[in-house]
Amino acid sequence: MLDLRRGRILREVARLGSMTAAARALSYTQPAVSHHIARLEAEAGTPLVVRHGRGVRLTEAGRILVEHVEDVLARMDDAQEQIAAIAGLRAGRVRVAVFPTAAGALLPDALARLRERAPGVSVTLVDAEPAEALALLRAGDTDIAVVFRYAHTPPDADARFREVPLARDPLRLLVPADDPLAGAARPRLADLAGRTWASGCARCRDHLRWACERAGFVPEIAFATEDHVAVQRLVARGLAVTVLPGLALRLHTEPGVALPDVAAVGSRQISAVVAAGPRPPAVAALLDELATVSAALAPAGTDPVERAAAAVRTGGGAGR
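Residues numbered from 1 in each chain as written. Predicted model: local features only at pLDDT ≥ 70, side-chain atom pairs only at ≥ 80, totals over all residues. Heavy atoms only, no water.

- Under an unreviewed UniProt entry, the protein chain has the name DNA-binding transcriptional regulator, LysR family and belongs to Actinomadura meyerae.

**Quick notes on the layout of surface pockets**
- Looking at the largest pocket, its volume works out to about 160 Å³.
- Contributing to the lining of the largest pocket are 13 residues, with Thr 142, Asp 143, Ala 275, Pro 280 and Val 283 lying nearest its centre.
- Put simply, the parts of the chain that give the lining of the largest pocket at least two residues each are strand 3 (93–98) and strand 11 (267–275).
- Counted by class, the lining of the largest pocket contains eight nonpolar, one polar and four charged residues. (1 Å grid on protein atoms, 1.4 Å probe; cavity = no way out; pocket = protein on both sides within 12 Å on 5 of 7 lines; lining within 4 Å. Points joined across faces, edges and corners; volume = space filled by probe spheres on them. Helix = DSSP H or I, 4+ residues; strand = E, 2+ residues; numbered from the N terminus. Nonpolar A, V, L, I, M, F, W, Y, C, P; charged D, E, K, R; others polar.)

**Considerations on the pairing of strand 1 (residues 49–52)**
- Pairing analysis gives four bridges linking strand 1 to strand 2 (residues 55–58), with the strands arranged antiparallel. Paired with His 52 across the strands is Gly 55, a residue of strand 2. (Pairing = 2+ DSSP bridges.)

**A short note on a nonpolar patch on the surface**
- There is a patch of nonpolar side chains on the surface, built from Leu 4, Val 72 and Met 76 and spanning about 240 Å² of accessible area.
- Here Leu 4 lies in helix 1 (residues 4–16).
- Judged by its relative accessible area of 34%, Leu 4 falls in the partly exposed class. (Patch = residues over 30% accessible without salt bridge, like charges linked within 9 Å, V, L, I, M, F, W, Y side chains within 5 Å. Areas by Shrake-Rupley, 256 points an atom, 1.4 Å probe, with all protein chains shown as cover. Salt bridge = Lys/Arg side-chain N within 4 Å of Asp/Glu carboxyl O. Buried < 20%, exposed > 50% of the residue type's maximum accessible area, 1.4 Å probe, protein only.)

**Observations regarding the environment of Ser 18**
- In this structure, Ser 18 sits in the loop between helix 1 and helix 2 (19–26).
- By relative accessible area, Ser 18 is classed as buried at 15%.
- For the pair formed by Ser 18 and Gln 30, sequence separation is 12 residues and the distance between their alpha carbons is 9.6 Å.
- Residues within four places of Ser 18 in sequence aside, it is in contact with Val 13, Gly 55 and Val 56.
- At 3.0 Å, the side chain of Ser 18 and the backbone nitrogen of Ala 21 are in polar contact. (Contact = heavy atoms within 4.5 Å. Polar contact = N/O pair within 3.5 Å; in protein donor to acceptor, adjacent residues only side chain to side chain.)

**Quick look at the nonpolar core**
- Ranked by size, the top nonpolar core spans 49 residues in total, and within it Ile 144, Val 146, Leu 173, Leu 189 and Trp 197 carry the most contacts.
- Here this core takes seven residues from helix 11 (residues 281–295), the largest share from any one element.
- Not counting residues up to four positions away in its chain, the partners in contact with Ile 144 are Val 94, Arg 95, Val 96, Ala 97, Leu 137, Ala 272, Val 273, Val 274, Val 283, Leu 286 and Leu 287.
- Ranked by size, the runner-up nonpolar core spans 16 residues in total, among them Leu 10, Val 13, Ile 37 and Leu 40. (Core = buried A, V, L, I, M, F, W, Y, C linked by side-chain atoms within 4.5 Å.)

**Observations concerning empty space enclosed by the protein**
- Here the structure, examined in full by the defined rule, presents two cavities of 30 Å³ or more.
- Counted as a void, the largest cavity has a volume near 100 Å³.
- Elements represented by at least two residues in the lining of the largest cavity include exactly helix 8 (202–214) and strand 9 (241–245).
- Residues belonging to the lining of the largest cavity are distributed by class as follows: eight nonpolar, four polar and no charged.
- Roughly 90 Å³ of volume is contained in the second largest cavity.
- Around the second largest cavity, the lining residues are Phe 99, Pro 100, Thr 101, Glu 129, Phe 148, Cys 201, Cys 204, Glu 226, His 228, Pro 245 and Arg 268.
- Residue composition of the lining of the second largest cavity, by class: six nonpolar, two polar and three charged.
- Both domains that meet at the lining of the second largest cavity, namely domain 2 (89–168 + 268–298) and domain 3 (170–266), each give it at least three residues. (Domains from an automatic or database assignment.)

**What to know about the pairing of strand 7 (residues 196–199)**
- Sheet analysis places strand 7 next to strand 8 (residues 220–224), joined by four bridges and oriented parallel. Paired with Thr 196 across the bridge in strand 8 is Glu 220.
- Both strand 7 and strand 9 contribute to a ladder of two bridges, which runs parallel. Pairing of Ala 198 across the sheet is with Thr 242, part of strand 9.

**Side note on the environment of Ala 145**
- Within the secondary structure layout, Ala 145 lies in strand 5 (residues 144–150).
- When the C-alpha positions of Ala 145 and Ala 133 are compared, they lie 5.4 Å apart, and in sequence the two are 12 residues distant.
- Non-local contacts of Ala 145, meaning those with residues more than four positions away in its chain, are made with Ala 97, Ala 133, Leu 134, Leu 137, Ser 271, Ala 272 and Val 273.

**Quick notes on the side chain of Thr 101**
- Here Thr 101 is to be found in helix 5 (residues 100–105).
- A relative accessible area of 4% means that Thr 101 is categorised as buried.
- Beyond its immediate chain neighbours, meaning those up to four positions away, Thr 101 contacts Leu 106, His 228, Leu 247, Ala 248, Leu 251 and Arg 268.

**Some points on the packing of helix 2 against helix 3 (residues 30–44)**
- Look at helix 2 against helix 3: their axes get within 8 Å of each other, and the N-to-C directions meet at 105°. Relative to helix 3, helix 2 is oriented roughly perpendicular. Contacts from Met 19, Thr 20 and Ala 23 of helix 2 reach helix 3 at Gln 30, Val 33, Ser 34 and Ile 37. (Axes fitted to C-alpha atoms, helices over the stretch in contact; angles between N-to-C directions. Parallel < 35°, antiparallel > 145°, perpendicular 65-115°, else oblique.)

**Comments concerning the environment of Arg 93**
- Locating Arg 93 in the fold gives a position in strand 3.
- Between the alpha carbons of Arg 93 and Ser 122 there is a distance of 4.8 Å; along the sequence they are 29 residues apart.
- Excluding residues that lie within four positions of it along the chain, Arg 93 makes contacts with Ser 122, Asp 143 and Ala 282.

Written out as structure tokens, the structure reads:
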């Protein structure tokens, strides 16, 4: 393989017309320049320069090589400028795979903050449940997988990846606003044995079954839909009861539902999973913004979920 450093020396010889002038420009000795040119000719397998009066001129092979060296050096300069732009967050790309409620409740604010901080960074987003998001990450088709898991399930990341915790998302039980359980002083999950249930994705249905079995019954899940608005409307119409994450209720809380305080439904952990090792600047920046937005979720008592729960506790639940 031809040595690019020696190619740069040949370019200077061609530009200045002599090895002595090239040595002076490069802060080399003239014998050192002659040595490098000789080595380059040995690598090329043909003469690259010929003596011409007091200087030298390029052979046809030398001229072709210098043209390619100039092209390579120009590309290297472009690469250096682009890398500097990425390192300084003047450019870069981040691909995110995220489950639906986080796509609505976390990503927009995080992306707005990132655009204000680094307007040159481009972001693409794909809607994906945790298993699909992790598959995309393992295939190299996304840079960040925003996922959730429940306390009784093992972490999704393996040694090739790192899980960055973002927030704990409490789950809430939803019943019709006029349900007897809505105003109960100490409601229990076991009180819902025999009811008809609605539930979301496969991971959420597995958790619902796990929680209900701990409470002593197997839930009858008649409605399986990942549309959280549809689930809430089923509850508001008295057709089902359900468990939904707090993030979903921040995005939409349907009139006609009540949120009795039942701790047994548990919570889920929201995390960002990324490849282990050094993180590209744009990826690190978006992770920072996701962490900031997650930490700034409304405190207890001020967000729609807590207000709805408080209304039920004081007898002020919304009417159907």
